[in-house]
Amino acid sequence: MSEGLPSIRGRRDRSTLTEPLATILTWRSQSVETLPGSSLPELQALSQQLVAELVHAKQTVAVAESCSAGALANSLSKAEGAGEVLAGGFVTYMSAAKTRILGVPAALIETHSAVSRPVARAMAEGVLARTAADLALAITGVTGPVPDDRGNPRGRIHIAAVTRTGGGIECHCEFGAFPPAVLLDAALRIALVVGSEALKGSGPIQASLAKPKGFGR
């Protein structure tokens, strides 16, 4: 890690969990200089890395996407070997779709909102219940130009990775009000890193962050 760069650090917190989950991550951006971006590998390289790890482990992945609207599955599908490990995906953009397709309880969404850690985890668990995948990734958040109808601000993203063995990682990011394309790219990169770490069953993620290309000087 480059000296002086901020980082994402996981904190182990089992006090609010009813089942074992490896790590909860929380990260808040202070400025554009701390938005995840150019210091992480390019999106396709991260997709290739996760697919290669799944091929090696002889495991599969399926995804549930809200704000990313299928972009995570699309990125994974372009990686060599995806045909062996990408089981499929669900785009559940509306809250009602999360309930109808993934089985996320409507009461959970009403209590916490669709953009929340409990809902992201429930989405991932719904994927495991509806597929034979070994790893489930879920993304829900606000990447559009305005807050959602529950007041969740632009740049708030929740990511969950859950394995069939009961482990996983949850990540809460407050990226800030950056352009939608930048927010989507950052969310996808973090989701792929989270998925890779959950697959390996390792401890907290620590990743260098740097100014994304095209912003500032």
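Check the entry above for the structure.
Residues numbered from 1 in each chain as written. Predicted model: local features only at pLDDT ≥ 70, side-chain atom pairs only at ≥ 80, totals over all residues. Heavy atoms only, no water.

**Considerations on a nonpolar patch on the surface**
Link 1 in the chain: On the surface, a nonpolar cluster with roughly 360 Å² of combined accessible area is contributed by Val-91, Tyr-93 and Met-94.
Link 2 in the chain: Looking at where Met-94 falls in the secondary structure, it is placed in the loop between strand 4 (86-91) and helix 4 (95-102).
Link 3 in the chain: We classify Met-94 as exposed; its relative accessible area is 59%. (Patch = residues over 30% accessible without salt bridge, like charges linked within 9 Å, V, L, I, M, F, W, Y side chains within 5 Å. Areas by Shrake-Rupley, 256 points an atom, 1.4 Å probe, with all protein chains shown as cover. Salt bridge = Lys/Arg side-chain N within 4 Å of Asp/Glu carboxyl O. Helix = DSSP H or I, 4+ residues; strand = E, 2+ residues; numbered from the N terminus. Buried < 20%, exposed > 50% of the residue type's maximum accessible area, 1.4 Å probe, protein only.)

**Some details on the pattern of salt bridges**
Link 1 in the chain: Evaluation of the coordinates by the stated rule reveals 7 salt bridges.
Link 2 in the chain: Between Glu-42 and Arg-189 there is a salt bridge, with its nearest N and O atoms 3.6 Å apart. Highlighted residues: Glu-42 in the loop between strand 2 (23-28) and helix 1 (43-57) and Arg-189 in helix 7 (residues 180-200), separated in sequence by 147 residues.
Link 3 in the chain: A residue is classified by how much of its surface remains accessible, and Arg-189, at 7% relative accessible area, is buried.
Link 4 in the chain: In this structure, Arg-117 engages Glu-170 in a salt bridge whose closest nitrogen and oxygen atoms are separated by 2.9 Å. Placement of Arg-117 in helix 6 (residues 117-130) and of Glu-170 in strand 7 (residues 168-174) is noted, with a sequence separation of 53 residues between them.
Link 5 in the chain: Classification of Arg-117 by relative accessible area gives partly exposed; the value is 25%.
Link 6 in the chain: Three or more residues joined by partner-sharing salt bridges are found here, namely Arg-117, Arg-121, Glu-125 and Glu-170.

**Structural notes on unusual backbone geometry**
Link 1 in the chain: Despite not being glycine, Lys-58 shows a phi value in the positive range, around 55°.
Link 2 in the chain: Within the secondary structure, Lys-58 sits in the loop between helix 1 and strand 3 (61-65).
Link 3 in the chain: In the Ramachandran plot, Ala-69 falls in the positive-phi region, its phi being about 50° despite a non-glycine side chain.
Link 4 in the chain: Tracing the backbone through its elements, the reader meets Ala-69 in the loop between strand 3 and helix 2 (71-77).
Link 5 in the chain: Under the relative-accessibility criterion, Ala-69 is labelled partly exposed at 47%.

**Things to note about the pairing of strand 7**
Link 1 in the chain: For strand 7, the tally of buried residues reaches 7 of 7 residues, placing the bulk of the element in the interior.
Link 2 in the chain: Sheet topology note: the strand 6 (residues 156-163)/strand 7 ladder contains 7 bridges and is antiparallel. Its bridge partner being in strand 7, His-158 is matched across the sheet by His-172.
Link 3 in the chain: Adjacent in sequence and paired antiparallel, strand 6 and strand 7 are bridged by 4 residues, among which Gly-166 carries a positive phi angle near 100°. (Pairing = 2+ DSSP bridges.)

**A few points about the side chain of Ser-196**
Link 1 in the chain: Following the sequence through the fold, Ser-196 ends up in helix 7.
Link 2 in the chain: Using a relative accessible area of 2% as the deciding quantity, one classes Ser-196 as buried.
Link 3 in the chain: A polar atom in the side chain of Ser-196 sits 3.5 Å from the side chain of Gln-49. (Polar contact = N/O pair within 3.5 Å; in protein donor to acceptor, adjacent residues only side chain to side chain.)

**Thoughts on the environment of Arg-150**
Link 1 in the chain: Counting through the fold element by element, Arg-150 comes out in the loop between strand 5 (135-141) and strand 6.
Link 2 in the chain: Residue Arg-150 is classed as partly exposed on the basis of its relative accessible area, which comes to 42%.
Link 3 in the chain: Taking the C-alpha atoms as reference points, Arg-150 and Ala-114, separated by 36 residues in sequence, lie 8.6 Å from one another.
Link 4 in the chain: Residues within four places of Arg-150 in sequence aside, it is in contact with Ile-109, Glu-110, Thr-111, His-112 and Ser-113.
Link 5 in the chain: A distance of 3.2 Å separates the side chain of Arg-150 from the backbone oxygen of Ile-109, its partner in a polar contact. (Contact = heavy atoms within 4.5 Å.)

Everything listed here is a matter of coordinates, which is why it stays silent on function.
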